[in-house]
Each structure stands twice: as structure tokens, then as C-alpha cells.
Amino acid sequence: MKGVPVFIMENVTEYRVNLPYPEVESGPDNRRTVLLLMEDYAGMVSELSAITQYVYQHIVLEDAAEEVSEVMRHISIIEMKHLELLGEAILKLGGNPMYASRGRFWNARNVSYVTRVREVLNENINGENSAIRQYRRHIEQTANQSVKRLLERIILDEELHIRIFNALLEKYR
């Protein structure tokens with residue numbers, strides 16, 4: 001919405017599953033778990049990458065596909081919540097939630113800059129599927145049960161985003 005102050009809290013509940021996000025507790029293998037979470041937080045396939053990509057898409061599609069633009073804005077807000085949750089988990093497990101993973105700082109090459117609606121939606125579906133695969137690998141690789149529960153909960157939102165993108169893809173055939 002043009003001209004609406006960004007500080008107004010919006011109702012984005014239809015873009016997230018109506019379940020609480022589990023609290024993360026310190027547990028076994030904190031260091032390894034932090035490394036896994038850093039990848040989800042600010043790696044190539046990460047919440048930070050999703051946020052920046054979706055905000056970019058919101059901006060460039062605002063005039064051409066207003067409905068898609070608004071969806072991208074709302075989903076980016078949910079991804080911001082995921083970023084916050086992962087950052088808090090990293091901190092709680094003794095890590096530093098800086099925007100880096102595997103010794104590399106996050107960078108804007110992690111974002112897809114396609115601007116045609118169907119390509120945008122297909123890129124986003126592929127990105128969400130990649131994120132889900134990564135989360136599932138990380139669930140298998142950590143012994144921390146509270147982290148497993150958090151990642152499983154985040155996956156539910158990502159699966160909802162795929163359903164939303166698929167529904168939009170049907171509209172833009």
C-alpha cells in the first residue's frame with residue numbers, strides 16, 4: 001500500500017501457521033548446532049536471503065502485479081520472524097548472530113532478481129523447497145530437541161508459503 005507508514009503493525013496471520021514457535025534451550029552439541037543455524041539464518045539459502053528477495057519483489061512488482069507484491073510483503077514479515085527466532089536461538093546457544101555462514105558474510109548475490117511474475121513465483125517455490133530440504137537436513141544433524149522442534153515449526157510456515165505461491169501461479173497462467 002503506497003503511502004502507508006511502515007510502523008503500523010499489520011495482520012499477517014494468514015501467511016503463517018497458527019501454532020506457537022517453540023523456545024530453544026541449550027543442549028548437546030551447541031557449537032555444531034550454532035553452525036547449522038547460522039546457515040539457516042544468513043547462508044545462501046536462508047531467512048535473510050528470503051527476506052531481501054521478497055522485499056525486492058514487493059517493490060518491483062508493486063505496479064505490475066499489486067496482489068503478488070502485497071503477498072511478498074506479508075511473507076517477508078513472516079520470514080523476518082523466522083530470522084529473529086533463529087538469531088535468538090544462535091545467541092542462546094552461545095553463538096553470535098551476525099550475517100555470516102561458513103566463514104562468509106551474507107551478500108546480495110544470494111537474491112534472485114527476476115521480475116516476471118511467473119518466474120518470481122517459480123523462483124520462490126524453488127527457494128522455499130530448498131529451505132525446507134536444508135531445515136530437514138539440519139534437524140537430522142542436531143541432537144538439540146528444542147532446535148529440532150523450532151525448525152519443524154518453521155517448515156510449516158514455509159510449506160504454507162509454497163501453497164500460497166502455487167495458488168498465485170495458477171492465477172497468473
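Quick caveat, the model's predicted, so the values are computed rather than measured.

Some thoughts on the pattern of salt bridges
In step 1: The full count for this structure, using the stated rule, is nine salt bridges.
In step 2: Between Glu23 and Lys92 there is a salt bridge whose closest N-O contact spans 3.5 Å. Taken as a pair, Glu23 in the segment before α1 (30-42) and Lys92 in helix α3 (residues 66-92) lie far apart in primary sequence, 69 residues in all.
In step 3: On the accessibility criterion, Glu23 (58% relative accessible area) is exposed.
In step 4: The class for Lys92 is partly exposed, based on a relative accessible area of 45%.
In step 5: Between Glu170 and Arg173 there is a salt bridge; the shortest N-O distance is 3.7 Å. With respect to burial, Glu170 and Arg173 carry one shared label: exposed.

Description of unusual backbone geometry
In step 1: Even without being glycine, Arg102 reaches a positive phi, approximately 55°.
In step 2: Mapping Arg102 onto the fold places it in the loop between β1 (100-101) and β2 (104-105).

A word on the side chain of Lys148
In step 1: You can see Lys148 is positioned in helix α5 (residues 145-171).
In step 2: At 5.6 Å, Glu140 is the nearest oppositely charged side chain to Lys148, a buried residue that forms no salt bridge.
In step 3: A polar contact of 2.8 Å, which involves the side chain of Lys148, links it to the backbone oxygen of Ile139.
In step 4: Sequence-distant contacts of Lys148, defined by excluding residues within four places in its chain, comprise Ile139, Glu140, Thr142 and Ala143.

Topic: the packing of helix α2 (residues 47-60) against helix α4 (residues 117-141)
In step 1: Running from amino to carboxyl end, α2 crosses α4 at an angle of 165°, the nearest separation of the two axes being 11 Å. Taken together, the axes of α2 and α4 are roughly antiparallel relative to one another. Here the hand of the crossing between α2 and α4 comes out left-handed. Touching Glu47, Gln53, Tyr54 and Gln57 of α2 are Val120, Glu123, Asn124, Glu128 and Tyr135, all from α4.
In step 2: The residue inventory of the contact of α2 with α4, partitioned by class, reads three nonpolar, three polar and three charged.

What to know about α2
In step 1: The terminal C-alpha atoms of α2 lie 20 Å apart, and with 14 residues this matches the ideal 20 Å at 1.5 Å per residue to within 8%.
In step 2: Buried within α2 we find Glu47, Leu48, Ser49, Ala50, Ile51, Gln53, Tyr54, Gln57 and His58.
In step 3: Elements in contact with the buried residues of α2: α1, α3, α4 and α5.

Quick notes on the confidence of the model for the chain
In step 1: Considering every residue of the chain, the mean pLDDT works out to 93; 94% of them sit at 70 or more.
In step 2: Contacts for the low-pLDDT stretch residues 1-9, under 50 throughout, to residues beyond four places or in other chains number five contacts.

Definitions and cut-offs
- Residues numbered from 1 in each chain as written.
- Predicted model: local features only at pLDDT ≥ 70, side-chain atom pairs only at ≥ 80, totals over all residues.
- Heavy atoms only, no water.
- Salt bridge = Lys/Arg side-chain N within 4 Å of Asp/Glu carboxyl O.
- Helix = DSSP H or I, 4+ residues; strand = E, 2+ residues; numbered from the N terminus.
- Buried < 20%, exposed > 50% of the residue type's maximum accessible area, 1.4 Å probe, protein only.
- Lys, Arg positive; Asp, Glu negative; His and termini not counted.
- Polar contact = N/O pair within 3.5 Å; in protein donor to acceptor, adjacent residues only side chain to side chain.
- Contact = heavy atoms within 4.5 Å.
- Axes fitted to C-alpha atoms, helices over the stretch in contact; angles between N-to-C directions.
- Parallel < 35°, antiparallel > 145°, perpendicular 65-115°, else oblique.
- Left-handed = near helix turned anticlockwise from the far one by under 90°.
- Nonpolar A, V, L, I, M, F, W, Y, C, P; charged D, E, K, R; others polar.
- Expected span 1.5 Å × (residues − 1).
- pLDDT = per-residue confidence, 0-100.

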